[in-house]
Amino acid sequence: SSSNNNNDDDFLQCLSTNIPSQLVLTPTSPSFTPLLVSSIRNARLVAPAKANPPLCIVTPTNASHVQAVVRCGRRHSVRVRVRSGGHDNEGLSYRSTTPNGEKFAVIDLAKLHAIHVNPHKATAWVETGATTGELYYRVATAAPGLGFPASVCPTVGVGGIISGGGIGLMMRKYGLSADNVLDASMVDAKGNLLANKKAMGDDLFWAIRGGGGGNFGIVLSWKLRLVPVPPKVTFFKVAKTMEQGAVDAVTKWQTLAPALPDDLSVRVVIQKSKATFQSLYLGNCSTVVATMHSRFPELGVTTADCKEMSWLQYTAYIYFGDAINSKPLEALLLNRSMTLGPFVKNKSDYVKKALTKETLEKIFLWPNGAGSGQLILEPHGGVMGRIAADETPFPHRRGVLYNIQYVELWNFNGAPGGEVTPNWIGSLYDFMTPYVSKNPRRAYVNYRDLDMGVNKVVDGVTCYVTARMWGERYFGPANFWRLSNVKRKVDASDYFRNEQSVPPLSI
Ligand code: FDA
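What counts and what doesn't
Residues numbered from 1 in each chain as written. Predicted model: local features only at pLDDT ≥ 70, side-chain atom pairs only at ≥ 80, totals over all residues. Domains from an automatic or database assignment. Contact = placed C-beta atoms within 7 Å. Helix = DSSP H or I, 4+ residues; strand = E, 2+ residues; numbered from the N terminus. Nonpolar A, V, L, I, M, F, W, Y, C, P; charged D, E, K, R; others polar. Pairing = 2+ DSSP bridges. Buried ≥ 20, exposed ≤ 12 C-beta atoms within 10 Å, placed from the backbone.

**Focus: the domain arrangement of the protein**
Okay, so step 1: Each domain of the protein was delimited in the assignment, giving domain 1 (2–111), domain 2 (115–228) and domain 3 (232–308 + 342–452).
Okay, so step 2: For domain 1 and domain 2, the distance between their C-alpha centroids amounts to 24 Å.
Okay, so step 3: In this assembly, 20 residues from domain 1 lie in contact with 15 residues from domain 2.
Okay, so step 4: Counting only elements with at least two residues in the side of domain 1 that touches domain 2, the list comes to α4 (63–75) and β3 (79–83).
Okay, so step 5: Broken down by element, the side of domain 1 that touches domain 2 gets its largest block of residues, six residues, from α4.
Okay, so step 6: Across the side of domain 1 that touches domain 2, the residue classes break down as eight nonpolar, six polar and six charged.

See below:
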């Protein structure tokens, strides 16, 4: 309607009096679409993002620009989506699936990526436009002997991953990324700058450390506790086909991996009826080979399967593989215009009771696209099992053996929209129901999955009862209730809203 168009013009006018014009791109700019797609990692989301583009993309260079977008947005009824690394599995940081397009602007934080490391205090302040790869590089070069527990993939943004928890190969030793947040700064739903946790209050500071991105405000920076890493860490990789005993090995792995020493994480990737075991050991090769020989002789790990390297080299190696040998480690400071991969759909589960060999065999042989489907099993246990389920919003702690991430990859060949998925992931996920966590079946918020349910807005506010469908699965019932209470206190009018945003508690 014309009044909406007036709102849009007034919104852009409001931005232009507060933000330099070169930091605000509208769809008429030739740079708009390249910027919109610049950090999209999932080809499935490109066409939907272009079909319902934001009114503008703002690339702030300081906090006042972020505050201005929120204040102008509230004044002129334009919502915001905020993007850090752009890895959201459903693209909620830059696209809206609301039919007929609710008007929104995107704040792309990529220019806010400064990192200040304090080697003596073993802390760092990182701005939320940085990627984990940049963080790893800056920490390890400024403070050799220190690291930070976060994603395996160094292209993930610290804005999203820390907001949703952050699991990785050091979590058994040091917990989630969010468990190592000491302080933060953010812009709230009124456009106020909350410079530290004291300004936020305990509840809000609790909520932003694992309660999911895009819910409570825009985090500008995190203060992190850095963790000790030895001069050399060890990677090993062992692959087993079914003929070589892959099913038996994974059967045993389920209870063994969560009980190994905290310094050792062994994850499994299952693809094409083959299991690949990959490790991070915070120590040297001979020690881990001895441990594996006594605890898991069936895997047959030898020194020939090991590579010792610095922790920083490890973070690059696990992503680039042997190609890193011909690249400088500055490759971790990736720009965001990497070539786009295939179409991707993800789901997740938590396993608390080991699956039987017979069940695992069926999974290995699952038809319908088994060639491209991938299961990534991340062991929990260690410190993860010793942190209370309500310490942070991330509830998957004691009793969890491992997380399963289902990844379906395909190349799109036909129908417009790209939403047509082959049925490997859906049918396997249905099959898994009796074998995974229940009441409700749990999932990891950072592996976002809109199939679990999307919000309904009733009388202008997101409905809590509908949101429980997905919210109690990500956070557990008690944490979800507490998150909704925090939301009511800090954003009662539900300004920060998306398909799976935490609703303000209204009952
Ligand atoms: P993106 O920018 O898309 O943001 C994700 C969500 O957080 C959105 O809702 C967004 O609005 C919000 N948000 C972003 N910045 C914010 C800010 N500053 N303040 C408030 N809200 C903000 N996870 C994991 O735990 N371990 C892993 O090893 C991996 N590996 C991995 C690899 C690949 C290739 C992908 C695609 C994803 C992962 N993930 C992961 C999942 C990842 O943690 C999850 O997608 C994060 O939300 C991504 O954060 P980004 O900042 O990149 O995403």
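**Observations regarding the sheet that holds strand β1 (residues 24–25)**
Okay, so step 1: Taken together, the four strands give an open sheet; going across it, the order is β1-β2-β4-β3, and neighbouring strands pair in mixed fashion. A strand with exactly one partner marks an edge of an open sheet, and here the two such strands are β1 and β3.
Okay, so step 2: As defined by bridge partners, strand β2 (residues 57–58) adjoins strand β4 (residues 104–108) across two bridges and the pair is classed as parallel. Across the sheet, the residue bridging to Ile57 is Val106, located in β4.

**Regarding the pairing of strand β8 (residues 181–187)**
Okay, so step 1: Across the seven residues of β8, five count as buried, placing the element largely inside the fold.
Okay, so step 2: As paired strands, β8 and strand β10 (residues 218–225) are joined by six bridges and run antiparallel to one another. Pairing of Val181 across the sheet is with Leu224, part of β10.
Okay, so step 3: Sheet topology places β8 next to strand β9 (residues 193–194); two bridges connect them, and they run antiparallel. Bridging across to β9, Met186 finds its partner in Leu194.
Okay, so step 4: Where β8 folds back onto β9 in an antiparallel hairpin, the turn is made up of five residues, including Gly191, whose phi is positive at roughly 85°.

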